[in-house]
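Given next are the chains, with one letter for each unit.
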Amino acid sequence: PERVFSGVQPTGNLHLGNYLGAIRKFVTLQQSHDCLFCVVDMHAITVWQDPARLRAQTLEIAAAYLAAGIDPEKSIIFNQSHVSAHAELAWIFNCVARMGWLNRMTQFKDKAGKDKERASAGLFVYPNLMSADILAYKATHVPVGDDQKQHLELARDTAAKFNNDFGCPDFFPLPEPLIKGAGARVMSLKDGTAKMSKSDPADNSRINMTDDADMIARKIKKAKTDPEPLPGDVEGLTGRPEADNLVGIYAALAGVEKEHVIADFGGQGFGVFKPALADLAVEKLSPITARMREIQGDEAHLEKVLKDGAGRADAIAAPIMREVKEIVGFLV
Ligand code: ATP
Ligand code: MG
């Protein structure tokens, strides 16, 4: 049977890229699949998180899931640290995945910065925890942004190596990434070659899910562009990363192809295109933002949703973990 797993880190500053690349897809997938949507707090602490803020940020992601339209009756919404299988399986995968594989991960290189000696050991083995997140439920499909493609490949390699090393050919499925479509890679508003990120210190680089209409309009107005008007065809966006990004964001928000956006705005300057993009962003985001605030007002309800989800998630993962332990040779 097909099963979907995905997660978002409670690292603050939830943004348009997270929505278009991940959360929006979750809402569609729950119609056709059994889904688990996790707030991955254990991933978040691979870089320093202030404990009080981590709590608030965790509830914020849960609120965003609900506000975007994930139905907690249909899908399982839960917190990673509430289900012990994640940590347990991650340890086993630390012993399956190879140093050489992890050394090739570009996210570690980006996040560790220049001084790799000072990065946490957790940041280095982050991909193994992600493999565990997925495989603790034998999930088959993983909707993520394009930046997670390399980690998904590592998860497949780890599943295959486990199955092979322990002589259990079909035990773990090889999980498939679901990355396609507009919005899979939303870039920074300040640099068309860097992805929009929660952890970018420049707030102007992203549209936050909590930004109001004025703030969204201001950030889009200030977004970096080149001086040329929009090209007459999509090929003309090649070599113009900032223009390409804004057209891509418009297309993703409107649910159309970039060709369609160019057909409407080709030849126009950014003085025309940016206000249209800002209006569209506000139209699509503000109802979600309003619902998020409402839901965040009821912490008791959010905590109940997460507790209930954790129970249901644990019920799936526990028997799988028991089998894993038997396969590895632990006494059970
Ligand atoms: P951080 O900087 O803390 O890593 P992030 O913005 O990368 O934050 P994550 O919580 O790591 O967000 O990722 C959550 C989901 O959002 C993942 O599926 C990821 O691929 C997706 N995602 C993140 N950034 C983008 C982006 N710029 N465009 C599209 N999808 C994105
Ligand atoms: Mg990230």
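Given the structure is predicted, the values throughout are model-derived calculations rather than measurements.

Draft legend 1. Here's a closer look at the overall build of the protein chain. Counting its regular elements, the protein chain contains 13 helices and five strands. Computed over C-alpha atoms, the radius of gyration of the protein chain comes to 21 Å, within 12% of the 20 Å expected from 2.2 N^0.38 for 332 residues, which places it in the range of a compact globule. Considering only C-alpha atoms, the protein chain reaches an extent of 70 × 45 × 40 Å along its principal axes. Burial analysis of the protein chain (332 residues in total) assigns 42% to the buried set. For the protein chain, the proportion of contacts with a sequence separation of at least 24, taken over those separated by at least 6, is 77%.

Draft legend 2. A look at the UniProt feature "short sequence motif: 'HIGH' region" (unreviewed entry) in the protein chain. UniProt records the feature "short sequence motif: 'HIGH' region" (unreviewed entry) for residues 10-18 in the present numbering. Helix makes up 33% of residues 10-18 and strand makes up 0%, while its end C-alpha atoms are separated by 11 Å.

Draft legend 3. Just the environment of L152, in detail. Following the sequence through the fold, L152 ends up in helix α8 (residues 149-165). On a C-alpha basis, the gap between L152 and F166 in space is 21 Å, while along the polypeptide they are 14 residues apart. Discounting chain neighbours no more than four positions away, the residues touching L152 are V142, V144, P175 and P177.

Draft legend 4. Representation of the site of ligand 1 within the structure. Within the structure, ligand 1 sits among 19 residues, and Q9, G17, G21, G145 and S199 are positioned closest to it. The biggest single contributor to the shell around ligand 1 is helix α1 (residues 16-29), with four residues. Among the residues making up the shell around ligand 1, the classes are represented as six nonpolar, nine polar and four charged.

Draft legend 5. Quick look at the domain arrangement of the protein chain. By domain assignment, the protein chain separates into domain 1 (3-178 + 299-328) and domain 2 (203-293). Its C-alpha centre places domain 1 at a distance of 30 Å from the equivalent point of domain 2. Domain 1 puts 10 residues into the contact, and the matching count from domain 2 is nine residues. Among the secondary structure elements, those contributing two or more residues to the side of domain 1 that touches domain 2 are α1 and α3 (51-68). Per-element tally for the side of domain 1 that touches domain 2: the top contributor is α3, with four residues. When the residues that make up the side of domain 1 that touches domain 2 are grouped by side-chain class, the tally is eight nonpolar, two polar and no charged.

Draft legend 6. Geometry of the pairing of strand β1 (residues 3-8). The buried fraction of β1 amounts to five of the six residues, a majority that puts the element mostly inside the structure. Inspection of the sheet shows β1 paired to strand β2 (residues 34-39) by six bridges, in the parallel sense. Bridging from a neighbouring strand, V8 pairs with V39 of β2. The handedness of the β1 to β2 crossover, carried by α1, is right-handed.

Draft legend 7. Fine view of the packing of helix α4 (residues 85-94) against helix α13 (residues 299-328). Viewed as axis vectors pointing N to C, α4 and α13 meet at an angle of 25°, and their least axial separation amounts to 11 Å. Between α4 and α13, the interaxial angle falls into the category roughly parallel. In this structure, α4 meets α13 at a crossing whose hand is left-handed. Residues A85, E88, L89 and I92 of α4 touch α13, and the partners they reach there are A317, A318, M321, V324 and V328. Tallied by class, residues from the contact of α4 with α13 come to eight nonpolar, no polar and one charged.

Draft legend 8. Layout of the environment of A278. Inspection of the secondary structure assignment puts A278 in helix α12 (residues 270-296). Here the alpha-carbon distance between A278 and N204, two residues 74 residues apart in the chain, equals 14 Å. Apart from the residues within four sequence positions on either side, A278 is in contact with I216, A217 and I220.

Draft legend 9. Main features of helix α9 (residues 213-222). The complete set of buried residues in α9 reads I216, K219 and I220. End-on, the buried residues of α9 take up no more than an arc of 95°, which puts them together on one face. Residues of α9 that are exposed and point more than 90 degrees away from the buried face comprise D214 and K222. Packed against the buried residues of α9 are α12.

Draft legend 10. Spotlight on the packing of α3 against α12. Following both chains from N to C, one finds α3 and α12 inclined at 130°, their axes separated by 8 Å at the closest point. Judged by the angle between their axes, α3 and α12 are oblique. Remark: the crossing between α3 and α12 carries right-handed chirality. Contact residues: L59, E60, A63, A64, L66, A67 and A68 in α3; I288, R291, M292, I295 and Q296 in α12. Tallied by class, residues from the contact of α3 with α12 come to nine nonpolar, one polar and two charged.

So, how was this worked out
- Residues numbered from 1 in each chain as written.
- Chains lettered and ligands numbered in written order.
- Predicted model: local features only at pLDDT ≥ 70, side-chain atom pairs only at ≥ 80, totals over all residues.
- Helix = DSSP H or I, 4+ residues; strand = E, 2+ residues; numbered from the N terminus.
- Rg over C-alpha atoms; globule rule 2.2 N^0.38 Å.
- Buried ≥ 20, exposed ≤ 12 C-beta atoms within 10 Å, placed from the backbone.
- Contact = placed C-beta atoms within 7 Å.
- UniProt positions renumbered as here; feature names shortened; annotations may be inferred.
- Near = placed C-beta within 6 Å.
- Nonpolar A, V, L, I, M, F, W, Y, C, P; charged D, E, K, R; others polar.
- Domains from an automatic or database assignment.
- Pairing = 2+ DSSP bridges.
- Right-handed = clockwise from strand over helix to strand, strands pointing away.
- Axes fitted to C-alpha atoms, helices over the stretch in contact; angles between N-to-C directions.
- Parallel < 35°, antiparallel > 145°, perpendicular 65-115°, else oblique.
- Left-handed = near helix turned anticlockwise from the far one by under 90°.
- Arc of directions from axis to C-beta.

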